[in-house]
Structure formats: C-alpha cells, structure tokens
Amino acid sequence: MEKQLSHINYQNPVINISGLRKSFGDLHVLRGVDLQLFEGENLVVLGRSGTGKSVLIKIVSGLLSADEGTVNVLGQEVGDLDEKELMALRLRIGFSFQNSALYDSMTVRENLEFPLVRNKRSLTRAEIDREVREVLDSVGLLQALNQMPSELSGGQRKRIGIARTLILRPDIMLYDEPTAGLDPITCTEINNLINEVQQIYKTSSIIITHDLTCAKEVGDRIVMLLDGKFERQGRFNDIFDSDDARVKAFYDYNFIA
Ligand SMILES: Nc1ncnc2c1ncn2[C@@H]1O[C@H](COP(=O)(O)OP(=O)(O)OP(=O)(O)O)[C@@H](O)[C@H]1O
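On a predicted model such as this, the values are computed, not experimentally measured, just so you know.

Asks: Just checking my understanding: could you explain the site of the ligand for this structure?
Replies: Taken together, F24, L27, V29, G47, S49, G50, T51, G52, K53, S54 and V55 are the residues near the ligand. Listing elements by their share of the shell around the ligand, those giving two or more residues are β2 (27-39) and α1 (53-60). A per-element tally of the shell around the ligand places α1 first, with three residues. When the residues that make up the shell around the ligand are grouped by side-chain class, the tally is four nonpolar, six polar and one charged.

Asks: Looking at this model, I keep getting lost on the packing of helix α3 (residues 108-119) against helix α4 (residues 125-138). Mind explaining?
Replies: What describes two packed helices is the angle between their axes and the distance between those same axes. Following both chains from N to C, one finds α3 and α4 inclined at 120°, their axes separated by 10 Å at the closest point. By the angle class used here, α3 and α4 are oblique. Considering only the axes of α3 and α4, their crossing is right-handed. Seen from α3, the contacting residues are R109, L112, E113 and L116; seen from α4, they are I128, E131, V132, V135 and L136. Counted by class, the contact of α3 with α4 contains six nonpolar, no polar and three charged residues.

Asks: Where do I start with the environment of G69 in this structure?
Replies: With respect to the secondary-structure elements, G69 resides in strand β4 (residues 68-73). Residue G69 is classed as partly exposed on the basis of its C-beta count, with 17 C-beta atoms lying within 10 Å. Residues G69 and R90, 21 residues apart in the sequence, show an inter-C-alpha distance of 20 Å. Excluding its chain neighbours within four sequence positions, the residues that come into contact with G69 are I17, S18, G19, L20 and R21.

Asks: Mind showing me how you'd approach the sheet that holds strand β5 (residues 76-77) here?
Replies: Pairing between the strands of a sheet comes from backbone hydrogen bonds, and it takes one of two forms, parallel or antiparallel. The strand order across the open sheet formed by four strands is β2-β1-β4-β5, and the pairing between neighbours is antiparallel. Of all strands in the sheet, those with a lone pairing partner are β2 and β5, marking the two edges.

Asks: Explain α4 here, please?
Replies: Side chains of residues three or four places apart in an α-helix project in the same direction, reflecting 3.6 residues per turn. Between its first and last C-alpha, α4 extends 20 Å over 14 residues, near the 20 Å set by a 1.5 Å rise per residue. Residues E131, V132, V135 and L136 constitute the buried set of α4. The buried residues of α4 occupy an angular sector of 125° when the element is viewed end-on, so they sit on one face. Relative to its buried face, α4 has exposed residues pointing more than 90 degrees away, namely A126, E127 and R130. On its buried face, α4 sits against α3 and α5 (154-166). Of the residues flanking the end of α4, it is G140, one or two places downstream, whose phi is positive at about 75°.

Asks: Is there a simple way to think about the pairing of strand β8 (residues 204-209) in this case?
Replies: Sheet faces and side chains relate simply in a regular strand, where the side chains alternate between the two faces. For β8, a buried count of six out of six residues is recorded, marking the element as mostly surrounded by other parts of the structure. Burial along β8 is two-sided: the residues S204, I206 and I208 and S205, I207 and T209 are all buried. Relative to β8, strand β3 (residues 42-46) is paired through five bridges, and the arrangement is parallel. Residue pairing across strands places V44 opposite I207, the latter belonging to β8.

Asks: Looking at this model, I keep getting lost on the domain arrangement of the protein. Mind explaining?
Replies: A common way to state how big an interface is: give the accessible area lost once the parts meet. By the assigned domains, the protein splits into domain 1 (1-92 + 171-183 + 202-257) and domain 2 (99-169). Between the C-alpha centres of domain 1 and domain 2 the distance comes to 27 Å.

Asks: Sorry if this is basic, but what is going on with the packing of α3 against α5 here?
Replies: Remark: α3 packs on α5, axes separated minimally by 8 Å, with the N-to-C direction vectors making an angle of 30°. The orientation of α3 with respect to α5, classified from their angle, is roughly parallel. Between α3 and α5 lies a crossing whose hand is right-handed. Residue-level contacts link V108, N111, L112 and P115 of α3 to I160, A163 and R164 of α5. Class assignment of the residues belonging to the contact of α3 with α5 gives a composition of five nonpolar, one polar and one charged.

Asks: What's the story with the sheet that holds strand β9 (residues 221-226) in this structure? I'm lost.
Replies: Strand order in the open sheet formed by six strands is β6-β7-β8-β3-β9-β10, and the pairing between neighbours is mixed. Every interior strand has two partners, whereas the edge strands, β6 (93-96) and β10 (229-234), have only one. Sheet twist, expressed as the mean angle between neighbouring strand axes with direction ignored, is 20°. Of the strand pairs in this sheet, strand β7 (residues 172-176) and β8 are connected by five bridges, and their pairing is parallel. Each residue of the ladder has a partner; that of D176, found in β8, is I208. Those strands touched by helix α6 (residues 184-201) are β3, β7 and β8, and its axis lies near 165° from that of β8.

Definitions and limits used
Residues numbered from 1 in each chain as written. Predicted model: local features only at pLDDT ≥ 70, side-chain atom pairs only at ≥ 80, totals over all residues. Near = placed C-beta within 6 Å. Helix = DSSP H or I, 4+ residues; strand = E, 2+ residues; numbered from the N terminus. Nonpolar A, V, L, I, M, F, W, Y, C, P; charged D, E, K, R; others polar. Axes fitted to C-alpha atoms, helices over the stretch in contact; angles between N-to-C directions. Parallel < 35°, antiparallel > 145°, perpendicular 65-115°, else oblique. Left-handed = near helix turned anticlockwise from the far one by under 90°. Contact = placed C-beta atoms within 7 Å. Buried ≥ 20, exposed ≤ 12 C-beta atoms within 10 Å, placed from the backbone. Pairing = 2+ DSSP bridges. Expected span 1.5 Å × (residues − 1). Arc of directions from axis to C-beta. Domains from an automatic or database assignment.

This is the structure we're talking about:
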C-alpha cells in the first residue's frame, strides 16, 4: 500500500533548488538541477554511483559552492551565507551518513550526550539526561543506554546513529544510504524507523539510496538523477513506468540478480 501524503505541506518547500550546475574541470556533474523538498516530506533520491548525489547534499549544506543556480534551504540562500550563518544552518540539518560511526570508547549515553554538550551549552545535566532518554526511546533502544557500541548489532548501531542526529532536533534529515550493508530484516527496521522519525519529529527528509525496497517503503516521492538532472520524479509505481533504458537498467539491477 502506498504511503498517505496528507502530512506534507506543499505550500512550504524547505529546500528549493533551481538551475543548479556544478562541474569539476571537464566533469559536468550537475547540469541544471531543479528540486523541491516540502515540509514533512520523505523524498528519495535515486541515482547510480558517481551521479552527483553527495555533491548535491554538500551544496545544500554549504560544504561546496554551486557554479550556477539558486539553493534555498529553510528560507535562506545558501550561497549568500557567511561561515557563521552556515554553521547555524547546518545545526538545523541532521546528517545520517554511512560513515558517521559511533565513538567506540564511549557508551551509548555518552555518544548521545556529545552533540548536546557541544552545541547546546545552556542545557542542565537533568535536561541532557531527559533528551538522551527521550531520543533513545523514540528509536526503541532505551535499554541500550549504558552499553558500548561493540555490544550492539549493526542495525542497533544504525539506530543509535540516527538518534544522535535527532537529538539536536533538526528540521531536515539527510540520510545517505541508510540501509547499505544491512540484512533484509534490519533494512525493514531502518525503513520503519525513518517513517517513525518523520511522524514523531515532523522532519522533512532526503533519503539517498540505491535500494529500491527502501525507496518504496519510505519515499513519499522519488526523484531519479540521470546524467546530471532529475529526469524522473513521482510515486514509486510511476517512476519506473518508462521505456527509458537508463530507468529500466536501474530497476533490473535491483530486482534481477
Ligand atoms: N571535490 C571534488 N573534486 C573533484 N571531483 C569531485 C569532487 N567531489 C565529487 N567529485 C566527482 O563528482 C562525481 C559525483 O560524485 P558524488 O560523490 O556526488 O557521487 P555519488 O552519486 O554520491 O556516488 P556514490 O553513490 O558512489 O556515493 C564523481 O565523479 C566524483 O569523482
């Protein structure tokens, strides 16, 4: 069954990208990208390796600058912001990256406290404690509070990683390959968690993935990056209804082993 879309506010794009171009020398990675992420939406970005998904995310967060085009995030033109303003903007964006590993020498509690202590210095001990417990509870791992990351499964570590991002209450979540390297059952758990995060925290999210099951389960809308542009977008069942060989190849790669 397809997800309901009633929670999305189509009047309010939290990311609005228009005519974005980015090249590295002769390599033209983004060739006129237009993209909107609406408030409350889970947007899945599909694209083969090396198509520019990470470059896009870096431009959204101001880590790379655009050659051309406008990139508006949470009402601000990213290209116009100074370093201090960019840092403030990045605090409102939660990055859940494949390599955002937990600190192995710290307990789960300490891992979760870390971003709070660093970024929200006015919080009291009791407030930090409450935030940690609340976010752990929301990812279903309250019982892991005093455990070490090495005592947890890959899926549990992933959940804690997402909790660590959520603890700063971001408006936007960026998930980079959230199900990579996980078994199918754990993938389903993570997909469910992404949907729960959307419901509980009212986040707007971009989910970058190659995994079409993930795309189907979490995506309110899917966009496909092909040759530097979003050539296709829509609901999961619509997006592959195409004779375009590049689209067919992507589908076959996932479902025909
Ligand atoms: N700073 C940079 N300097 C030069 N080339 C770069 C730079 N960053 C990315 N590229 C190139 O841009 C292209 C797109 O890279 P990007 O990392 O965005 O791919 P991707 O779609 O995220 O791939 P993957 O799914 O493998 O992570 C690649 O060819 C990469 O080598």
